[in-house]
Amino acid sequence: MDVSKYNLDYLDQLEAESMHIFRESAATFQKPVLLYSIGKDSSVLLHLALKAFAPGKLPFPLLHVNTGFKFDEMIEFRDKIADQYGLQLFEEQNTEPKAMEFTAEDANSEQYIYYKKTKPLVEGLKKHGFDAAFGGARRDEEKARAKERIFSHRDKDNVWKPRAQRPELWHLYNPLLKSGESMRVFPLSNWTELDIWMYIKRENIDIVPLYFAKKRDVVVRNGVILRVDEFVKPKEGEEVIQMDCRYRTLGCSPSTGAVPSTATTLDEVIDEVFNAACSERENRMIDKNSDSSMEQKKKEGYF
C-alpha cells in the first residue's frame with residue numbers, strides 16, 4: 001500500500017472522537033472500567049484512554065476476563081503493560097465446577113463462551129459495581145456489531161436489545177441509567193482494521209508479538225490453522241507442519257486461527273490488511289456456530 005495516499009487527517013478525527021467518548025463517559029458514569037482483552041484493538045483503546053486524560057492518571061481500572069486458555073504471550077504482555085503504566089487491573093475467571101470442566105476441545109462451543117467469557121464478565125461487572133464498560137469492538141468486524149450504538153444500553157440483567165437502542169445524532173449520547181442498568185461504550189466503533197494498524201504505526205503502540213509472522217508449528221483443523229502449544233495438541237492423523245504465519249485477531253489459543261503470512265513489520269502487516277478480502281474474525285471459530293451466533297452472545301451479556 002502507498003501509505004502517502006492514506007488520509008492521515010482522518011486518523012486525527014477518529015482519535016478526537018474516541019477521546020471525546022472517553023471524557024464524556026468519565027464525566028457521566030459513576031464507576032466505568034476498560035475491558036482489556038490484550039489484542040491490537042485493546043492496545044489502541046488503552047493508548048487513547050491514556051492520551052485522553054494525560055498528564056493525569058487513568059481515572060478507571062482495567063478488567064480482563066481470563067478463560068485460562070489464552071496464549072502465554074498475551075498474559076505476559078498484559079502484565080508488562082499494567083506494570084509499565086501503573087494500571088489497576090482486575091482479572092475475572094470463572095472457577096465454578098461447571099466452568100472448570102471445559103477443555104481446549106470445547107473452546108468454540110456456545111457453553112464454553114457462556115461459562116468462560118460471558119458469565120465471569122457479567123459477574124465481574126456486578127461484583128465491582130461498574131456501571132459502564134469500555135470495549136474495543138468495531139462495526140466493521142461483524143454484522144451484529146455493526147448494529148450496535150457507541151453507547152450500548154444493557155438492562156439490569158445485562159441484556160442487549162437491538163430494537164431498543166437509543167439514537168445517536170451529532171455525537172450526542174444518552175447515558176441515563178436506571179438502578180441496576182449499565183452501559184457498554186465502544187470508542188472504536190467507527191474505526192476499521194486498517195485504521196487501527198495505521199494508528200499503531202503512527203503512535204508507535206506496543207502490541208503482542210503474535211501479530212507478526214514467524215515460523216510456527218501448526219496443525220490444520222477444520223480448515224483453521226492452529227498453533228501447537230500447551231492447549232493445542234495434534235490429533236491422530238494430523239500432521240504438524242512449520243508455517244510462516246501470524247494472527248489478525250487474538251483470543252483463546254484452541255479457537256483462534258492464524259493466517260499464512262511473511263509480514264514481520266508494521267508496513268508489511270498494513271499492506272496485507274489493505275489487500276485482505278475477508279474480515280479478521282474469519283479465523284475465530286466462536287463466531288461460526290450459527291448465523292446469529294454473535295448477536296445471541298451479545299444479548300446474553302458478551303462483549
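The coordinates are above.
Residues numbered from 1 in each chain as written. Predicted model: local features only at pLDDT ≥ 70, side-chain atom pairs only at ≥ 80, totals over all residues. Heavy atoms only, no water.

In this section: a nonpolar patch on the surface. Taken together, the side chains of L169, W170 and L172 make up a nonpolar region of the molecular surface, amounting to roughly 410 Å² of accessible area. Tracing the chain through its elements places L169 in the loop between strand 5 (151-154) and strand 6 (182-185). (Patch = residues over 30% accessible without salt bridge, like charges linked within 9 Å, V, L, I, M, F, W, Y side chains within 5 Å. Areas by Shrake-Rupley, 256 points an atom, 1.4 Å probe, with all protein chains shown as cover. Salt bridge = Lys/Arg side-chain N within 4 Å of Asp/Glu carboxyl O. Helix = DSSP H or I, 4+ residues; strand = E, 2+ residues; numbered from the N terminus.)

Turning our attention to the sheet that holds strand 4 (residues 132-134). Taken in spatial order, the six strands of this open sheet run 3-2-1-4-6-5, and their pairing is mixed. Looking along the sheet, the strands with just one partner apiece sit at the ends: strand 3 (89-92) and strand 5. Recorded for the sheet is a direction-independent mean angle of 30 degrees between the axes of neighbouring strands. By the bridge criterion, three bridges tie strand 1 (residues 32-35) to strand 4 in an arrangement that is parallel. When the sheet's bridge partners are listed, V33 is paired in strand 4 with A133. Along the sheet, helix 2 (residues 40-53) makes contact with strand 1, strand 2 (62-65) and strand 4, crossing strand 1 at roughly 145 degrees. (Pairing = 2+ DSSP bridges. Axes fitted to C-alpha atoms, helices over the stretch in contact; angles between N-to-C directions. Contact = heavy atoms within 4.5 Å.)

Taken in spatial order, the four strands of this open sheet run 8-7-9-10, and their pairing is antiparallel. Unpaired on one side and paired on the other, strand 8 (224-227) and strand 10 (259-260) mark the two borders of the sheet. For strand 9 (residues 241-246) and strand 10, the ladder comprises two bridges, and the chain directions are antiparallel. In the strand pairing of strand 10, R246 is matched with V259.

Okay, the nonpolar core next. In this structure, F22, L34 and V44 are the most contacted members of the largest nonpolar core, which totals 56 residues. Every element with two or more residues in this core is listed here: helix 1 (8-28), helix 2, helix 3 (72-85), strand 4, strand 6, helix 7 (193-203), strand 9 and helix 8 (266-275). Element by element, the count of residues in this core is highest for helix 2, at seven residues. Once you skip the residues sitting within four places of it in the chain, V44 turns out to touch L188, W191, I196, Y199, I200 and I205. The next biggest cluster of nonpolar side chains, apart from the first, holds ten residues, and it includes A99, I113, Y115 and C252. (Core = buried A, V, L, I, M, F, W, Y, C linked by side-chain atoms within 4.5 Å. Buried < 20%, exposed > 50% of the residue type's maximum accessible area, 1.4 Å probe, protein only.)

At a minimum axis distance of 10 Å, the contact between helix 7 and helix 8 shows a crossing angle of 165 degrees. Classified by the angle between their axes, helix 7 and helix 8 sit roughly antiparallel to one another. Every pair of crossing elements has a handedness; the one defined by helix 7 and helix 8 is left-handed. Counted together, E193, L194, W197, M198, I200 and K201 of helix 7 and L266, D267, V269, I270, V273 and F274 of helix 8 form the full contact between these two elements. Looking at the contact of helix 7 with helix 8, its residues break down into nine nonpolar, no polar and three charged. (Parallel < 35°, antiparallel > 145°, perpendicular 65-115°, else oblique. Left-handed = near helix turned anticlockwise from the far one by under 90°. Nonpolar A, V, L, I, M, F, W, Y, C, P; charged D, E, K, R; others polar.)

As a further point, take unusual backbone geometry. Following A54, the chain continues into P55 via a peptide bond in cis, with omega recorded as 5 degrees. Structurally, the position occupied by P55 is in the loop between helix 2 and strand 2. With phi around 80 degrees, I38 is a residue other than glycine that occupies positive phi space. Relative to the helices and strands, I38 resides in the loop between strand 1 and helix 2. With relative accessibility at 0%, the residue I38 sits in the buried group.

Applying the stated criterion across every chain yields a total of 24 salt bridges. In this structure, K51 engages E15 in a salt bridge whose closest nitrogen and oxygen atoms are separated by 2.7 Å. Taken together, the positions of K51 in helix 2 and E15 in helix 1 put the pair 36 residues apart, joining distant regions of the chain. Here K51 falls in the partly exposed class, since its relative accessible area comes to 34%. On the accessibility criterion, E15 (10% relative accessible area) is buried. When the shortest N-O distance is used, the salt bridge between K119 and E96 registers 2.8 Å. Placement of K119 in helix 5 (residues 110-128) and of E96 in the loop between strand 3 and helix 4 (97-100) is noted, with a sequence separation of 23 residues between them. Under the relative-accessibility criterion, E96 is labelled partly exposed at 26%. Salt bridges here are not isolated pairs; linked through shared partners, they connect D12, E15, K51, R202 and E203.

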